[in-house]
Amino acid sequence: MIQALQEATAYIKEQINHQYEPEFGIILGTGLGALVKDLEIRHSLNYSDIPHFPVSTVESHSGKLIFGDLGGRRVVVMQGRFHYYEGYTMEQVVFPVRVMKLLGVKRLFVSNAAGGLNPEFNTSDLMVITDHINLQPTNPLIGKNIDELGPRFPDMSEPYEDRMIQQALDLSDHFKLNVKSGVYVSVPGPMLETKAEYKYLAAIGADAVGMSTVPEVIAAVHMNLPCFAVSVITDLCVPGKIKKVKLQDILEAAAQAEPNMTLLIKELIKLQE
Ligand code: HPA
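Residues numbered from 1 in each chain as written. Predicted model: local features only at pLDDT ≥ 70, side-chain atom pairs only at ≥ 80, totals over all residues. Heavy atoms only, no water.

Undergrad: Describe the environment of Pro54, naming the residues involved and giving the relevant values.
TA: Along the chain, the position of Pro54 falls in the loop between β2 (40–46) and β3 (64–70). Placed 28 residues apart in sequence, Pro54 and Phe82 show a C-alpha to C-alpha distance of 7.7 Å. Beyond its immediate stretch of four places on either side in the chain, Pro54 contacts Tyr47, Phe82, Tyr88, Gln92 and Phe95. (Helix = DSSP H or I, 4+ residues; strand = E, 2+ residues; numbered from the N terminus. Contact = heavy atoms within 4.5 Å.)

Undergrad: Any chance you could break down the pattern of salt bridges for me, citing the residues and the numbers?
TA: Close approach of charged atoms lets side chains of opposite charge pair. As enumerated under the stated definition, the model contains ten salt bridges in all. For Asp38, the salt bridge identified is with Lys266, shortest N-O distance 3.2 Å. Pair noted here: Asp38 is in the loop between β1 (24–28) and β2 and Lys266 is in helix α6 (residues 247–271), with a separation of 228 residues, a long-range link. Judged by its relative accessible area of 37%, Asp38 is partly exposed. Within this structure, Glu40, Arg42 and Asp69 form a network of salt bridges that share partners. (Salt bridge = Lys/Arg side-chain N within 4 Å of Asp/Glu carboxyl O. Buried < 20%, exposed > 50% of the residue type's maximum accessible area, 1.4 Å probe, protein only.)

Undergrad: Break down the pairing of strand β5 (residues 107–116) for me, citing the residues and quoting the values.
TA: Of all ten residues making up β5, ten are buried, and the element is well covered by its neighbours. With four bridges joining them, β1 and β5 adopt parallel strand pairing. Following the sheet pairing, Ile26 is matched in β5 by Phe109. Of the strand pairs in this sheet, β5 and strand β9 (residues 227–236) are connected by nine bridges, and their pairing is parallel. Bridge pairing in β9 places Phe109 opposite Phe228. Looking at chain direction, β5 and strand β8 (residues 208–210) are connected through two bridges and run antiparallel. What sits directly across from Gly115, in β8, is Val209. (Pairing = 2+ DSSP bridges.)

Undergrad: Let's hear about helix α5 (residues 214–222): which residues, and what values?
TA: Across the nine residues that make up α5, a large majority, nine, are buried. Of the residues making up α5, those classed as buried are Val214, Pro215, Glu216, Val217, Ile218, Ala219, Ala220, Val221 and His222.

Undergrad: Explain the site of the ligand to me, using residue names and the numbers behind them.
TA: Near the ligand lie 13 residues; those nearest to it are Gly115, Leu192, Glu193, Tyr198 and Asp235. A distance of 2.6 Å is found between a nitrogen atom of the ligand and a side-chain nitrogen or oxygen belonging to Glu193. Against a free-state accessible area of 260 Å², the protein chains account for coverage of 95% of the ligand. Looking at the shell around the ligand, the elements with two or more residues in it are β5, β8 and β9. Of all the elements, β5 adds the most residues to the shell around the ligand, at three residues. (Near = heavy atom within 4 Å. Polar contact = N/O pair within 3.5 Å; in protein donor to acceptor, adjacent residues only side chain to side chain. Areas by Shrake-Rupley, 256 points an atom, 1.4 Å probe, with all protein chains shown as cover.)

Undergrad: Explain the environment of Leu141 to me, and be specific about the residues and the numbers.
TA: Relative to the elements of secondary structure, Leu141 occurs in the loop between β6 (126–134) and α3 (162–175). A C-alpha to C-alpha distance of 18 Å links Leu141 and Pro54, two positions 87 residues apart in sequence. The residues touching Leu141, leaving out its near neighbours within four places in the chain, are Arg98, Arg152, Pro154, Ile218 and His222.

Undergrad: For unusual backbone geometry, give the residues involved together with the corresponding values.
TA: Between Gly189 and Pro190 the backbone carries a cis peptide bond, its omega angle lying at 0 degrees. Backbone geometry places Lys176, a non-glycine residue, at a positive phi of 50 degrees. Judged by its relative accessible area of 72%, Lys176 is exposed.

Undergrad: With reference to specific residues and values, describe a nonpolar patch on the surface.
TA: Together, Leu135, Tyr200 and Ile204 make up a nonpolar patch on the protein surface, roughly 250 Å² of accessible area in all. With respect to the helices, strands and loops of the structure, Leu135 is situated in the loop between β6 and α3. We classify Leu135 as partly exposed; its relative accessible area is 32%. (Patch = residues over 30% accessible without salt bridge, like charges linked within 9 Å, V, L, I, M, F, W, Y side chains within 5 Å.)

Undergrad: Residues and numbers for the packing of α3 against α6, please.
TA: For the pair α3 and α6, interaxial distance at closest approach is 10 Å and the crossing angle is 125 degrees. Judged by the angle between their axes, α3 and α6 are oblique. Here α3 and α6 pass one another in a crossing that is right-handed. Along its contact with α3, which presents Met164, Gln167, Ala168, Leu171 and Phe175, the element α6 presents Leu263, Leu264, Glu267, Leu268 and Leu271. Taken together, the residues of the contact of α3 with α6 break down into eight nonpolar, one polar and one charged. (Axes fitted to C-alpha atoms, helices over the stretch in contact; angles between N-to-C directions. Parallel < 35°, antiparallel > 145°, perpendicular 65-115°, else oblique. Left-handed = near helix turned anticlockwise from the far one by under 90°. Nonpolar A, V, L, I, M, F, W, Y, C, P; charged D, E, K, R; others polar.)

What follows is the structure in structure tokens.
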């Protein structure tokens, strides 16, 4: 595994002429790829050209690793991510995050589309993730520990950096973005939840539910890479407000929230050392 990661990293460094070492990594979720429009692009690599990189199968995700400047800072953006429900192993799901770390990123920023379990939430709200619950059936650290990346038993008491959460909430006040905060629960999918499952997820303490993010954050925390994550609430999962969900509706709600999400991530990145 470590050799595959090193080969992928070496290939990428060669493609970017060893010149453009990114400071920050960004993973864009379903319907949230438009942040790339705000990027001054330096290099764009297809996942399919990078050795050992998994290749994206979902139509709403295009598979590119994009290097550029965002708000004057050097970033690497994953346009399109890998989900466990697509049939990838957890090691494949987190492969790009591990490569980002080996490329030198100091912080990871993650976005996703999620269902709102908290009755205070509305469609197209942003929710800063303060903590998570992992209900995926496995995780990327199962198996022999890769000591070169991190410890056997990584601490999980602060998976999302408190400092960045506070900065994001301050930015939300400043720009009047009305950003919410809460706990994200990650489920395997690909089916959405039953009404009884939504009730259960709210009861165990989650404010939003989705099918991604937690594996990547676990891999990042393992490597001591501080994380910030934000959900876009694309549908409401509260009794009385539950409607049949179509991918099109999720994409539309995500598109509506996208400008605020991009602003939040861009401004937050500017504040980092
Ligand atoms: N459940 C799970 N994942 C989701 C949802 C949902 O309601 N909405 C967007 N992603």
